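Chains, contacts and geometry: an overview
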Amino acid sequence: MSRGLRGKLSASYIFVALICVILISILANKFLEKQFVNYVIQEHERKNKEIVSAITQQQYSDGKWNLDVIESIGVDALENGLIISVKDISGKIVWDANVYNNGKCEAVISHMSRNMMTRYPNWSGKYIKNEYALENNSKKIGVVDIGYYGPYYYNDNDLAYLNTLNKILISVGIISLCFALLIGILMSERISRPILKVIDTAEMIAKGDYSQRLNKKSDIKEINTLMTTINNLGQSLEEQEKLRKRLTRDISHELRTPLTTLQSHMEALIDGVWELTPERIKSFHEETMRLNRLIGDLEKLSTYENKNIVLNKSIFNISEIISNIILNFEKDYMDKNIAITFNPKEVFIFADKDKISQVVINLMSNALKYSLNGGRVKIEVKEENASVVIYFNDTGIGISDEDIPYIFERFYRADKSRNRSTGGAGIGLTITKSIIEAHKGKISVQSKLNEGTEFMIILPKINN
Ligand code: ADP
């Protein structure tokens with residue numbers, strides 16, 4: 001069974017408080033009481049000595065005793081649980097508490113026994129009698145027997161003191177437990193309230209409301225991290241959702257255009273408006289080719305945009321790859337009368353050869369597509385510490401400042417109407433960027449409208 005945070009925290013606090021209270025009680029009982037017993041025994045000895053010294057002074061020089069004072073000392077001692085009996089040097093009783101009041105003596109002893117039993121239920125004490133010599137100027141003048149309930153006893157004041165101590169300990173215990181409960185509730189409130197908010201928000205996000213965010217900050221670091229994580233989750237889901245919607249919209253748009261053209265042309269043929277000429281068949285073929293290309297691009301996109309894109313790495317000379325691709329493009333470049341400059345420089349990198357080739361093809365094909373007849377394309381490879389930097393510079397149509405931030409996005413084309421005729425679906429750069437990032441590299445662009453564009457790729461020579 002899972003319990004709430006409040007219950008768990010309160011229980012832990014109470015448990016800690018309980019342990020403290022029990023420990024304090026045990027220690028207090030063990031040490032304080034030991035000290036108190038010592039004190040009681042010492043006090044008993046002190047009183048005895050006081051009585052002996054007081055009685056010693058009650059003998060007159062003629063050997064007679066001041067019985068009145070001795071009796072008052074004896075009665076006073078009786079009140080304190082001491083039963084005294086004074087004898088002179090010949091052993092004759094001068095004053096005896098039992099003789100004075102036997103009933104009271106028995107009552108005093110049973111009272112002390114009761115006192116001890118209330119404190120220690122298994123207490124086994126007995127009546128003890130100590131004999132003290134009465135000496136005046138080193139001359140023995142008699143003895144005094146002091147009887148009490150031993151080995152030691154607590155009088156009413158002692159018992160009251162111990163009981164008060166106990167009450168204080170119990171009160172401290174109860175107050176600590178209440179505090180523990182209160183602090184437990186307050187702490188769990190402080191922790192559980194933001195967590196409940198996080199749960200609410202996470203549930204809303206799970207239900208599809210990706211706009212939910214947690215605005216309040218908590219003063220607990222871990223909860224703050226949790227809130228930030230949930231906010232980031234919400235944000236990335238929101239972005240994914242937008243992207244998904246845009247992708248569906250873009251794909252349907254991309255598919256609709258050639259299909260509509262095909263459909264309307266077919267209808268014109270069926271209605272007899274048009275005749276089926278080789279030119280029309282060629283145009284149909286071009287439209288189906290466009291559709292095919294688009295679907296091929298979409299397939300590529302889904303492979304390259306996969307976060308866990310698998311890289312089949314080997315060591316190769318990047319300049320060799322570029323030179324080979326330039327050879328493949330030579331005819332297309334010549335057709336447009338565009339000059340390519342490239343100074344091959346031997347730089348080895350550890351990367352996926354096919355995918356890096358795809359990047360070079362994409363950038364070279366863009367440079368070709370977006371250059372006017374008679375332009376120039378310059379490719380350069382440079383080595384910088386642990387990286388290789390590749391530049392693709394063209395004197396083409398350029399990209400406007402408004403378009404630059406979006407050109408790496410899926411299906412983005414700077415000039416839609418013009419670019420459609422070039423056949424691009426706006427995903428070449430998306431794929432390029434995915435490949436470069438999978439290699440832990442970077443791609444950036446600088447461009448000026450009607451002047452030209454330069455793409456810069458930084459690739460680590462060895463990336464793991
Ligand atoms: P496309 O298939 O349309 O070429 P890309 O993703 O390769 O798609 O490029 C996205 C857009 O960026 C292009 O439509 C074009 O407007 C712009 N672009 C890319 N490369 C260049 C370049 N070298 N010169 C000018 N514009 C470019």
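By the definition in use, this model includes 15 salt bridges. Between lysine 87 and aspartate 145 there is a salt bridge, and its shortest N-O distance comes to 3.3 Å. Residue lysine 87 is found in strand S1 (residues 83–88), and its partner aspartate 145 is found in strand S4 (residues 139–150); the two are separated by 58 residues along the sequence. We classify aspartate 145 as buried; its relative accessible area is 6%.

This next bit is on the pairing of strand S10 (residues 442–448). Side chains Ile443, Val445 and Ser447 of S10 all project onto a buried face; the interleaved residues Lys442, Ser444, Gln446 and Lys448 project onto a face where none is buried. Here S10 runs beside strand S11 (residues 452–460); their pairing, made up of seven bridges, is antiparallel. Within S11, the residue paired with isoleucine 443 across the bridge is isoleucine 457. Once S10 ends, the chain turns through three residues before running back antiparallel as S11, passing asparagine 450 with a positive phi of about 65°.

Spatial ordering of the open sheet is given by S2-S1-S4-S3, a layout of four strands whose pairing is antiparallel. What marks the edges here is a single partner per strand, and that holds for strand S2 (93–96) and strand S3 (126–136). The average undirected angle you get between the axes of adjacent strands in this sheet is 15°. Where S1 and S4 come together, six bridges link them in antiparallel fashion. Across the sheet, residue lysine 87 finds its bridge partner in S4, namely valine 143. Of the strands in this sheet, S1 and S2 touch helix H2 (residues 67–79), which is tilted by about 40° from S2.

What follows deals with the environment of glycine 396. Structurally, glycine 396 is set in the loop between strand S9 (387–394) and helix H9 (416–422). Take glycine 396: its relative accessible area is 4%, and that puts it in the buried class. It is 34 Å that separates the C-alpha atoms of glycine 396 and asparagine 312, two residues lying 84 residues apart in sequence. Dropping the residues within four chain positions of it, glycine 396 is found in contact with Tyr370, Ser371, Asn450, Glu451 and Gly452.

Moving on, we get to the side chain of serine 371. You can see serine 371 is positioned in the loop between helix H8 (353–369) and strand S8 (376–384). Residue classification places serine 371 among the buried positions, given a relative accessible area of 2%. Separated by 2.6 Å, the side chain of serine 371 and the backbone oxygen of alanine 367 make a polar contact. In this structure, serine 371 is in contact with Lys336, Ile338, Val377, Asp394 and Gly396, ignoring residues within four places of it in sequence.

Another aspect to go through is a nonpolar patch on the surface. Side chains of Ile175, Phe179, Leu182, Ile183 and Leu186 sit close together on the surface and give an oily, nonpolar patch of about 490 Å² of accessible area. Mapped onto the elements, leucine 186 comes out in helix H4 (residues 156–206). For leucine 186, a relative accessible area of 54% corresponds to the exposed category.

Another point: the environment of serine 211. As for its position among the elements, serine 211 is in the loop between H4 and helix H5 (221–270). For the pair serine 211 and leucine 237, spaced 26 residues apart in sequence, the C-alpha to C-alpha distance is 9.1 Å. Side-chain polar atoms of serine 211 contact the side chain of aspartate 209, separated by 2.7 Å.

Cut-offs used in this document
Position labels on residues start from 1 in each chain and follow its written sequence. Reporting of local features is limited, given that this is a predicted model, to residues whose pLDDT is at least 70; pairs of side-chain atoms are given and counted only at 80 or more, and all residues count toward the totals for whole chains, interfaces and linings. Excluded from the side-chain calculations are hydrogens and water; all other atoms, namely the structure's heavy atoms, are used. We define a salt bridge as a contact between a side-chain nitrogen of Lys or Arg and a carboxyl oxygen of Asp or Glu at a distance within 4 Å. Counting from the N terminus, the helices are the DSSP runs of H or I reaching at least four residues and the strands are the DSSP runs of E reaching at least two. Throughout, exposure labels follow a simple rule: accessible area from a 1.4 Å probe, protein chains only, divided by the maximum for the residue type, with under 20% read as buried, over 50% as exposed, and the rest as partly exposed. Pairing between two strands requires that DSSP report at least two bridges joining them. The axes used here are C-alpha line fits, helices contributing only the stretch in contact, and every angle between their N-to-C directions lies in the interval 0 to 180 degrees. Two residues qualify as a contact provided that any one of their heavy atoms is within 4.5 Å of a heavy atom in the partner residue. The definition of a polar contact used here is a pair of N or O atoms within 3.5 Å, where within protein one atom must be able to donate a hydrogen and the other to accept one, and adjacent residues in sequence count solely through side-chain atom pairs. Here the term patch refers to residues with relative accessible area over 30% and no salt bridge, with like charges joined within 9 Å and nonpolar side chains (Val, Leu, Ile, Met, Phe, Trp, Tyr) within 5 Å. Method for areas: the Shrake-Rupley scheme with a 1.4 Å probe, in which residue coverage is limited to the protein chains shown.

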